[in-house]
Each structure stands twice: as C-alpha cells, then as structure tokens.
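For reference, the chains in residue letters:
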Amino acid sequence: MRNLQQPDGSFMPIHVGAETDLRFVYCAAAICFMLGDWSGMDREKAKDYILQCQSYDGGFGLTPGSESHGGGTYCAVASLRLMGFIEDEHLSKSASSSVINMPLVLSWCLQRQAADGGFQGRANKSSDTCYAFWVGAVLRILGGYKFIEKIALRRFLLTCQYEFGGFSKYPGELPDLYHSYYGYTAFSLLEEPDLNPLCPELGMTDLAALGIV
Amino acid sequence: MASDLQGQLPLCKRVEWSDVIPLPQDDGPNPVVAIAYKEEFRETMDYFRAIYRADERSPRTLSLTRQVILMNPGNYTVWHFRRLILETLNVDLHEELDFAQQIASGNSKNYQLWHHRRWVAEKLGTDATLNELNFTKKILSVDAKNYHAWSHRQWVLKALGGWEDELDYCHSLLREDIYNNSAWNQRYFVITISPFLGGLKAMRDSEVTYTVEAILANPENESPWRYLRGLYKDDTEGWVNDPEIPSVCLNVLSAKSNYIFALSTLLDLLCNGFQPSQEFRDAIGALGTSDINQLDSNLAIAICSILEKVDSSRANYWRWHKSKLPSAL
C-alpha cells in the first residue's frame, strides 16, 4: 500500500495505473486504522493532499480544484479523523484551531439539507438518499449532527424506501444495494429505534468496528 | 473494426482462435453465490484469460479486449492489458479516442473510461488538447454537471493548456443555467490558475461585479454567494472592507424576498468586524419578521433570531450560532 501513495500524498488503487483521488486516501486510512498499523502510508503527505482538496466554499472535492462534493467531503473528514488530525466532536469543544476551515465546512454541510428534507451531494442538485450518510456522517464526526432537521430528513428517506424493501437514490425509483445500505446508515445516524449505533468514520456499526479494530 | 457483438460466431468456432485453449474462471472448490454468466460473456472471458496469461499482444487480442470492454467496461484489468497491447503494437492512438468515445456514449460515468482517455491524451500531448476540450464539452452538453467530465477538463487545461476560451465557456454555461454549481467552480478554477489571467487578486474586482449581478438576478441561488465569499479566501480584511459586499446584502434585503443568504452573509460580515449603518437595521426591521421594537440591539443576534424562523431547516444551527456570539455570553 505504501507503494500506491503518490508524491502529492494521494493514493492510486492499483499498481498498474488508475485515477488517484480522495476515495483511495480514505481506503488507505481506513485500512491502516483497522489494522492499527500506519506504516502503510505517510499520514502527513495524505493530510497535505486532503487540505488541497478543500474548495473555496468549504466542502471538499475528490481532487484539488474539483467541485465540493458530499462523498469527497466524507472521505476528507473521515480520513483526517481516522489519522488523528481532528478530534471527536470538534465543534462542541472550545478549541478554535484546526487544520481545515471548520466553520465553513459546517456551513457547507448544513446547507446540503434541501427543502424536501433530504441531503444533496452538491449545491443546486437533487437530494439523494446516500448523502444523508456521506454528509450526515461528516456532521456527526464534527459534532454538528444536532443542527440538522431530523424529522424532515426521516420523511424524505421514507419516500425513497421501496414498498418491497430497500432504498433508491430518489423517491419513486427502484432500489439498489448501495442506496439501501446507506439508507440504513442514515437511519442509524438518526438513532432510529432498533438500529445499532454507527461508527461514522468507518461507515459500519460500533459493534462491527469493535470487532475489527 | 468489428463493433457489433450480434451475428458473430462463438470464439470456439472461429478458425483464427483455434490455437487458443480457453481458460475458465477459477471460483475455487466451493463457490459461494456464483454468478450465472451468460454463455457469450463466459466464453469471451475464458479466451481473454488465456491470452492474458500468455501475455499475447497482437491485433487479435486487441480486438478481444474491445469485446470484453463492451461487455463489462468496469473491468480495469482488461483496460490495463489493452494499454499494454496498444504500446507494443504502436497503434495510432487517434483511433483509440474513437473507441473511448464509443464507450463513453453509454457509460459517461465510468472511471476506467476516463482514466483510459487521460492516458491516451497524455501520450498524444498537445495535439489532443482541442479534441479533449471538445469531447468534455459534448459530454457536458448532455449533463452539465458530469463530475468525471469536469475533472478530466481540469486535467487537460493543467497538463495540455487551452485556457484561452475557458472563462467564456463558464459564462455560456452560466447563461444556460445560473444555478450550475459546477460551472461556478470551474470559473473559480480558471480565475485562480489560468496563466492568461492575473490570478485571484487581479481578477477580483471584475469577478465581484459579475457575481453581484448573478446574485441580484436570483438571490436564492447559493452558488454565487459561496463564490463571492471565495473571492476573498484567506483575506478576511478585504472581505469586510469591500463595500460591494454589504451593498449587495442591503439590495437583496430591500427587495424583501429570498433574503436568507443576504442575512447570513451580513452576519458573517458583522462577526468579522463590519460596522453597519442604520440603513441595515432599517432594512431588516422592514422585513416584517418581527416587531421592529423587539429587534435585538445587537444586530447579529437579531439576524440569528430571524434566520431561526426563516431558515427553519437550520434553526438549531442559528440558535447555537446566536449563543456563541460575543454579546450573548
């Protein structure tokens, strides 16, 4: 995995050549975290790359210069948390400094909740089930989840639930595994009764995380 | 070049493949949830595995990789092997751009396709610049927010050039849809990095004018407000001292409609030391969101209270923000 890290700090997914972006930085950080072994990556370099991905509007793109995006923002913030560069629930603490522009990323994340209650992945795009996790988890990590409008979100997510089970991206469409999984994680963040608590930076239950780490 | 999968003989019946022994997929002794591949797919992959194992790089294997990619454009191993064949055979890569275009028409969000396109463009160098800009423009004309297309376009500009018309291109997209956040993002990219423009500070005044116009046309549009703030990234002093900023806020507030971003921007200014004139207090009072006599003497607190009501999705946030304001402590 060390050999997959690029000079700019990003990661390539395979040795033979592929695109490099924040998704694989996140994968590397998650792997190291789960193994309890950081020799597979240079954390400082990875942090530098992540910082370059913060857009002028506070969110993070998948590569430097790219438009801020819910998935990119998740990979950025979750990675920084896993690597130990941001503390848990930073916003709830009085410490004001941070490697990233916290007030701006908070504002960006909260603005992603649309009038229909769902979360959008980018400004002026439609709400999509999975961003309730990608953006919601960022808010949870930073200590800002309490600021969202939970009732409206729950209502939106339920409109994305298929009558025979599973979740789709948008209301009224056919479900798929990906949106079903992230629909569930979103409900877990909402503390829906009978669902297990979620470890936001790994995207799995605390129970599962406990078993792995 | 054969591009149609239908009406072809199975590989096992073709003379030109008779020397190859197909290599089946090894799912192990107890396959779990084994995929029910279609016969045609299974056979094609069995032949691919055989020539991949043998590392045969020839016109016939090049053609085979095309068939596999058409069947499953997500198979990054095949894309990689195709690149090895292209290099060995020293094929004219302009034809490869046509192949990529063909795959793009049904799969414009496929990562492997875009990586392949980048690889080809990198090899062709500046010869490919115009072609790549036109290609991404075509994809964006169907979906003006295709993330891969924008990413590729940014790479082309940085690696191969072609900046001259990019600001105009952003403008044309914004004329079509002023809400297109991808176009706003590209605009920021251009003004900060283009070697033909002077950089952020040099472009700032003209960009502020451009953005203010966009805001006044649609004050409920988040993109230009974020862009405006971005023009003063890392320069809070400049942000607080530019009279255009409070001016556009006041303008929007005076119109009494779609003023949420105007209020939050004004709040940001106040938190950074902006000293408002009485006009601002009057304009906020005139919104009718609360009794003018009940407007808090601290304008920032008053704004938070209003936002709690009018931006109800974020009511908890505005309440918290209010509690953290200096006078509230």
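Residues numbered from 1 in each chain as written. Chains lettered and ligands numbered in written order. Predicted model: local features only at pLDDT ≥ 70, side-chain atom pairs only at ≥ 80, totals over all residues. Heavy atoms only, no water.

Caption draft 1: Examining the overall build of chain B more closely. The number of helices and strands found in chain B is 17 helices and 0 strands. Projected onto its principal axes, the C-alpha positions of chain B cover 90 × 50 × 30 Å. The 329 residues of chain B split such that 50% are buried. For chain B, long-range pairs separated by at least 24 residues make up 60% of all intrachain contacts whose partners lie at least 6 apart in sequence. Looking at chain B as shown, the accessible area adds up to about 16200 Å², and 50% of this sits on carbon and sulfur atoms. If you average the places of the 34 positive and of the 43 negative side-chain charges in chain B, the two averages end up 4 Å apart. (Helix = DSSP H or I, 4+ residues; strand = E, 2+ residues; numbered from the N terminus. Buried < 20%, exposed > 50% of the residue type's maximum accessible area, 1.4 Å probe, protein only. Contact = heavy atoms within 4.5 Å. Areas by Shrake-Rupley, 256 points an atom, 1.4 Å probe, with all protein chains shown as cover. Lys, Arg positive; Asp, Glu negative; His and termini not counted. Charge placed at Lys NZ, Arg CZ, Asp CG, Glu CD.)

Caption draft 2: Focus on the packing of helix H5 (residues 131-142) of chain A against helix H7 (residues 177-189) of chain A. Residues and elements named next belong to chain A. Running from N to C, H5 and H7 cross one another at 30°; their axes reach a closest spacing of 9 Å. Judged on the interaxial angle alone, H7 and H5 are roughly parallel. Along this stretch, H5 crosses H7, giving a crossing that reads as left-handed. The segment H5 lies against H7, with Ala132, Phe133, Trp134, Gly136, Ala137 and Arg140 engaging Tyr178, Tyr182, Thr185, Ala186 and Leu189. (Axes fitted to C-alpha atoms, helices over the stretch in contact; angles between N-to-C directions. Parallel < 35°, antiparallel > 145°, perpendicular 65-115°, else oblique. Left-handed = near helix turned anticlockwise from the far one by under 90°.)

Caption draft 3: The domain arrangement of chain A, seen in detail. All names here are of chain A. What the domain assignment reports for chain A is domain 1 (1-109) and domain 2 (112-213). On a C-alpha basis, the centroid separation for the pair domain 1 and domain 2 is 21 Å. Opposite the 27 residues of domain 1 that make contact, domain 2 presents 26 residues. Of the roughly 2100 Å² buried between domain 1 and domain 2 on both sides combined, carbon and sulfur atoms contribute 68%. Of all residues in domain 1, the largest losses of buried area upon contact with domain 2 belong to Met34, Tyr74 and Cys109, amounting jointly to 30% of the total for that side. Across the domain 1-domain 2 interface, the total number found is 2 salt bridges. Here Glu201 and Arg81 are joined by a salt bridge, their closest N and O atoms 3.8 Å apart. The interface formed by domain 1 and domain 2 contains 11 residue pairs in polar contact (both at pLDDT 80 or more). Here the side of domain 1 that touches domain 2 takes 8 residues from helix H3 (residues 70-83), the largest share from any one element. Here the residues of the side of domain 1 that touches domain 2 sort into 15 nonpolar, 7 polar and 5 charged. (Domains from an automatic or database assignment. Buried area = accessible area lost by both parts, 1.4 Å probe. Salt bridge = Lys/Arg side-chain N within 4 Å of Asp/Glu carboxyl O. Polar contact = N/O pair within 3.5 Å; in protein donor to acceptor, adjacent residues only side chain to side chain. Nonpolar A, V, L, I, M, F, W, Y, C, P; charged D, E, K, R; others polar.)

Caption draft 4: Quick peek at the side chain of Ser313(B). Mapped onto the elements, Ser313(B) comes out in the loop between helix H16 (299-310) and helix H17 (315-323). Those residues in contact with Ser313(B) that sit more than four places away from it in its chain are Gln113(A), Ala114(A), Phe147(A), Ile148(A) and Glu149(A).

Caption draft 5: The arrangement of the interface of chain A and chain B in detail. Of the residues lining the interface, 37 residues belong to chain A; the matching set on chain B comes to 30 residues. On the chain A side of the contact with chain B, Tyr56(A), Asn124(A) and Phe147(A) bury the most area, a combined 27% of that side's loss. There are 1 salt bridge connecting chain A and chain B. One can count 17 residue pairs in polar contact (both at pLDDT 80 or more) joining chain A with chain B.

Caption draft 6: Expanded view of the pattern of salt bridges. Residues and elements named next belong to chain A. Under the counting rule described, the total for this entry stands at 28 salt bridges over all chains. Residue Arg122 is joined to Glu67 by a salt bridge in which the shortest nitrogen-to-oxygen separation is 2.8 Å. Remark: Glu67 occurs in the loop between helix H2 (43-52) and H3 and Arg122 occurs in the loop between helix H4 (102-111) and H5; sequence separation between them is 55 residues. Note on accessibility: Arg122 and Glu67 belong to one class, buried.

Caption draft 7: Structural context of unusual backbone geometry. Residue and element names in this part refer to chain A. Even without being a glycine, Asn124 presents a positive backbone phi close to 65°. Secondary-structure assignment places Asn124 in the loop between H4 and H5. A positive phi angle is found at Glu191, which is not glycine, with a value near 60°. Along the chain, Glu191 turns up in the loop between H7 and strand S1 (198-199).

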